[in-house]
There are 2 protein chains.
Amino acid sequence: MIEGHGDDIYRYGGKVKYNFSSNICASACLGEVMQYLANLPELPGSYPEPYPASLEAKIAEMEDVAPENVMVTNGATEAIYLVAHAMTGSVSAIVSPTFSEYEDACRLYHHTVRHVNCLSALPADADVIWLCNPNNPTGKVTPISELRSLVAQNPGRLCVIDQAYADYTLCRVLDAREAVNSGNVILLGSFTKRYSVPGLRVGYAIGNARLLDIVRACRMPWSVSNIAISAAHFLMSMGGRAASIDAGALHIEALRLSDALRDAGIEVADTDCNFILCRLPGSRSACELKEWLVDNHGMLIRDASNFHGLGAQHFRVAVQSPEADDLLVNAIKEWM
Amino acid sequence: MIEGHGDDIYRYGGKVKYNFSSNICASACLGEVMQYLANLPELPGSYPEPYPASLEAKIAEMEDVAPENVMVTNGATEAIYLVAHAMTGSVSAIVSPTFSEYEDACRLYHHTVRHVNCLSALPADADVIWLCNPNNPTGKVTPISELRSLVAQNPGRLCVIDQAYADYTLCRVLDAREAVNSGNVILLGSFTKRYSVPGLRVGYAIGNARLLDIVRACRMPWSVSNIAISAAHFLMSMGGRAASIDAGALHIEALRLSDALRDAGIEVADTDCNFILCRLPGSRSACELKEWLVDNHGMLIRDASNFHGLGAQHFRVAVQSPEADDLLVNAIKEWM
């Protein structure tokens, strides 16, 4: 794994007061989840289902597909590694800059990795296409018409479309039934992002059953803990109260913050989500800014220099409250 | 994964009153663990350490080795799969009958698998030797002198010694420092077994740092959840109160239960632990006995017919209270 993913708050002890480094909005329901778990003291004392069929059935219902079209994993990360494993030795085209785990997983399983910067530049020999949509770290969403063309025009290629951030945009993404019917798409979903529970580790893949069976064959048993399975069931039963991301409001704030950062002399990429890819002017270092912000203002941003295709000037921020965002802009101005 | 591992209690709803199917003793501390977690509502809201270094350091201290000699995993199962991955394409000798995940992991990573029934029958071409010690399902412990000979006489082979059940026997097993110093041993340890928390998914591997680094290179990040890491720290801080297995008393009860089962006409293998491998006489089916016991007495045993080298007559039981064990013997007599 690369050093320095987002939300490396564990490195900074109690120093961080404002966490702009993670794209995930804080949930108000976590206390309730933990109280629910506390009332189930038997949970850690029993093996989980070897494969979380109960949760797969519930997600299938939510996504309007059959249970065999869903594979629950230890975070979406496990799904990424399982797909890479199932496709060992493939040529993988990765639409970059993007989440680095696609490349790490592909390299672990001996893929030939080709980075491309847009879907129109796909190499002819690609067996697998990895697309993060909405994309991390840019927050851009590929238009639904382009997605459908991609899938229709590449029947012999596997399209892995990571929709972990789907709840953070108002833009249309591929729906589960389309993915299942296509036969060449695996969609990735994330409880981490939807319910703001990165500490739990629950994700899933959706796809045609025949396709998913090839991936399932690479699974180890018991990879999702009993506590994670129960918490995931509970979160789903809470419905909109637990998954209460206001993508529209977040995006409006992201546009406002983008403007303020531009005014401060930062280069800011367009976003369709709640997070923003930024570039410092000249040769100034995002890494230095990050350390300075933590030390002087207790603010954590994401140094984005380790995304393939980005440089030492890049960083990423996710919007917080307008007040916190204003403080960030002022702090960056001070540093500049 | 094979169908029908032990503790498949999730299949039987509330029908099971006595669970002889899992080798793990119930813990009295689970409520305390869950209460501790409930007081940390922020846990699910933050990413865990990508690799649980804080826990690795604490286990290293406990085992009197350096932190780089410890790799914490999502249950010992993840360690098994990672070792198999790191050794892709090897010839693996598996001392059988034993835990089926060694073979499953080896096959997933294209090993040539050779089952042997004792250490003196190791094939000349084996690259990796898999030994479960104490062994599941037999409960037998390989004498320490034989273990040391194995390690010393096979410097060019990797010895994977799964000591998950070490706390369930009074017999001597390999200690962590011996494993680290040898350079060709990876020891597997299990929070599941020591603290009776199979629902949590925390295990670890111990070995020479150079050797372990090869395995670490196959890891994905965040495979151990924040909740699991915190619970594991808490369990370790509780010391003997959380890990309170009375191996001596359990073994005495296992010997008593073995005698009673033999008197009932069952063939019983010698055990050094709290669990017993049994064989029904003639052509009677362990699977039928299992279903009958659940339906008529709410008792769950482990059908052991799916262990490589065992047959339809084999089952495994772990001792419970003497009263419960007597009820089991009476129920089996009734069925016979």
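Residues numbered from 1 in each chain as written. Chains lettered and ligands numbered in written order. Predicted model: local features only at pLDDT ≥ 70, side-chain atom pairs only at ≥ 80, totals over all residues. Heavy atoms only, no water.

Novice: Explanation requested: the overall build of chain A in the structure shown.
Specialist: Helices and strands together make up the secondary structure of chain A, namely 12 helices and 13 strands. Here the C-alpha radius of gyration of chain A, 20 Å, is about what a compact globule of 336 residues would show, namely 20 Å. Here the C-alpha coordinates of chain A stretch approximately 55 × 55 × 35 Å along the principal axes. Within chain A, the proportion of its 336 residues that are buried is 64%. The long-range fraction of contacts in chain A, counting pairs at least 24 apart against all pairs at least 6 apart in sequence, stands at 72%. Summing over all exposed atoms, chain A offers an accessible surface of approximately 12000 Å²; the carbon and sulfur share of this is 50%. (Helix = DSSP H or I, 4+ residues; strand = E, 2+ residues; numbered from the N terminus. Rg over C-alpha atoms; globule rule 2.2 N^0.38 Å. Buried < 20%, exposed > 50% of the residue type's maximum accessible area, 1.4 Å probe, protein only. Contact = heavy atoms within 4.5 Å. Areas by Shrake-Rupley, 256 points an atom, 1.4 Å probe, with all protein chains shown as cover.)

Novice: Help me understand the relation of the copies chain B and chain A in this model?
Specialist: Related by rotation about an axis and a shift along that axis, the two copies of the chain form a pair. In the superposition of chain B on chain A (RMSD 0.0 Å, axial shift 0.0 Å), the rotation amounts to 180°. Within this description, the copies of the chain are treated as partners about a two-fold rotation axis. Within chain B, Ala38 of chain B has its C-alpha nearest the rotation axis, a separation of 2.9 Å. Both copies contact each other with a shared surface, as 100% of the interface residues of chain B are interface residues in chain A too. (Least-squares fit on C-alpha atoms with pLDDT ≥ 70 in both.)

Novice: Looking at this structure, I do not really get the packing of aromatic side chains. What am I missing?
Specialist: The geometry of an aromatic ring pair is captured by two quantities: the separation of the ring centres and the angle between the planes. Enumeration according to the criterion identifies 19 aromatic pairs over all chains in this entry. Pairing Tyr47 of chain A with Trp222 of chain A gives two aromatic rings, centres 5.4 Å apart and planes at 50°, and the pair type is tilted. With a gap of 175 residues between them, Tyr47 of chain A in the loop between α1 (30–38) and α2 (53–63) and Trp222 of chain A in the loop between α8 (209–216) and α9 (226–238) connect regions that are remote in the sequence. Trp222 of chain A carries the same exposure label as Tyr47 of chain A, and that label is buried. Note on Tyr165 of chain B and Phe275 of chain B: the rings are 5.0 Å apart at their centroids and 55° apart in plane angle, and the pair reads as tilted. Within this pair, whereas Tyr165 of chain B is found in the loop between β6 (158–162) and α6 (176–182), its partner Phe275 of chain B is found in strand β10 (residues 275–279), the two being separated by 110 residues in sequence. (Phe/Tyr/Trp six-rings, centres within 6.5 Å; stacked < 30°, edge-to-face > 60°.)

Novice: How should the confidence of the model for chain A be read in this particular structure?
Specialist: Low pLDDT means the predicted atomic positions in that stretch should not be read closely. Across chain A, the average pLDDT comes to 94, with 98% of residues at or above 70. If you check the scores for this complex, the pTM reads 0.94 and the ipTM reads 0.93. (pLDDT = per-residue confidence, 0-100.)

Novice: Can you help me understand the interface of chain B and chain A in this one?
Specialist: How big an interface is tends to be stated in terms of accessible area lost as the parts join. Listed per partner, the contact involves 50 residues of chain B and 50 residues of chain A. Note on chain B versus chain A: buried area summed over both sides is about 4100 Å², and carbon and sulfur give 70% of it. Three residues, Met34, Tyr47 and Trp222 of chain B, lead the burial of chain B against chain A; their summed loss comes to 18% of the area buried on that side. Put simply, chain B and chain A have 0 salt bridges between them. Where chain B packs against chain A, one counts 15 residue pairs in polar contact (both at pLDDT 80 or more). Of all the secondary-structure elements, those providing two or more residues to the side of chain B that touches chain A are α1 (30–38), α3 (75–86), α4 (101–108), α7 (191–194) and α9 (226–238) of chain B. The element contributing the most residues to the side of chain B that touches chain A is α1 of chain B, with 6 residues. (Buried area = accessible area lost by both parts, 1.4 Å probe. Salt bridge = Lys/Arg side-chain N within 4 Å of Asp/Glu carboxyl O. Polar contact = N/O pair within 3.5 Å; in protein donor to acceptor, adjacent residues only side chain to side chain.)

Novice: Looking at this structure, how should I read the pairing of strand β13 (residues 314–318) of chain B?
Specialist: The side chains of a regular strand alternate, first on one face of the sheet and then on the other. Residues and elements named next belong to chain B. For β13, the buried fraction is high: 5 of the 5 residues fall into the buried class. Along β13, one buried face is formed by His314, Arg316 and Ala318 and the opposite face, lined by Phe315 and Val317, is buried too. With 5 bridges joining them, β10 and β13 adopt antiparallel strand pairing. The residue bridging Leu277 from the neighbouring strand is Arg316, located in β13. (Pairing = 2+ DSSP bridges.)

Novice: Help me out: how do you make sense of the pattern of salt bridges in this one?
Specialist: Side-chain pairing between opposite charges can occur once the charged atoms of the two side chains come close. Residues and elements named next belong to chain A. Per the stated rule, a full pass over the model turns up 32 salt bridges over all chains. Asp167 is the partner of Arg194 in a salt bridge, and the nearest nitrogen-oxygen pair spans 2.8 Å. In this pair, Arg194 sits in helix α7 (residues 191–194) while Asp167 sits in the loop between β6 (158–162) and α6 (176–182), placing the two residues 27 residues apart along the sequence. Residue classification places Asp167 among the partly exposed positions, given a relative accessible area of 29%. Among the ionic pairs, Asp259 bridges to Arg262, the shortest N-O distance being 3.4 Å.

Novice: Sorry if this is basic, but what is going on with the nonpolar core here?
Specialist: Nonpolar side chains in soluble globular proteins tend to end up buried together. Within the largest apolar cluster, 129 residues are counted, with the highest numbers of intra-cluster contacts made by Trp130, Phe315 and Val317 of chain A together with Trp130, Phe315 and Val317 of chain B. Residues in contact with Phe315 of chain B, not counting those within four places in the same chain, are Ile266, Ile276, Leu277, Cys278, Leu280, Ala286, Leu289, Ile301, Arg302, Asp303, Ala304 and Ile332 of chain B. With 101 residues, the next largest nonpolar core counts Leu150 of chain A together with Val95, Ala176 and Met238 of chain B among its residues. (Core = buried A, V, L, I, M, F, W, Y, C linked by side-chain atoms within 4.5 Å.)

Novice: For this particular structure, what's the right way to read the sheet that holds strand β12 (residues 302–303) of chain B?
Specialist: In sheet architecture, strand pairing relies on hydrogen bonds along the backbone and comes in two forms, parallel and antiparallel. Residues and elements named next belong to chain B. Pairing is antiparallel across the open sheet formed by 4 strands, whose spatial order is β9-β10-β13-β12. Two strands lie at the open edges of the sheet, namely β9 (267–268) and β12, each paired on one side alone. Pairing of β9 with β10 involves 2 bridges; the strand directions are antiparallel. Looking at the pairing, Val268 lines up with Cys278 of β10. On the sheet, helix α10 (residues 247–263) packs against β9, β10 and β13 and is oriented at approximately 15° with respect to β10. (Axes fitted to C-alpha atoms, helices over the stretch in contact; angles between N-to-C directions.)

Novice: It is not clear to me how the environment of Pro281 of chain A should be interpreted in this structure. Could you clarify?
Specialist: All names here are of chain A. Considering the arrangement of structural elements, one finds Pro281 in the loop between β10 (275–279) and α11 (286–297). A C-alpha to C-alpha distance of 22 Å links Pro281 and Ser96, two positions 185 residues apart in sequence. When residues no more than four places from it in sequence are discounted, the contact partners of Pro281 are Gly265 and Met336.

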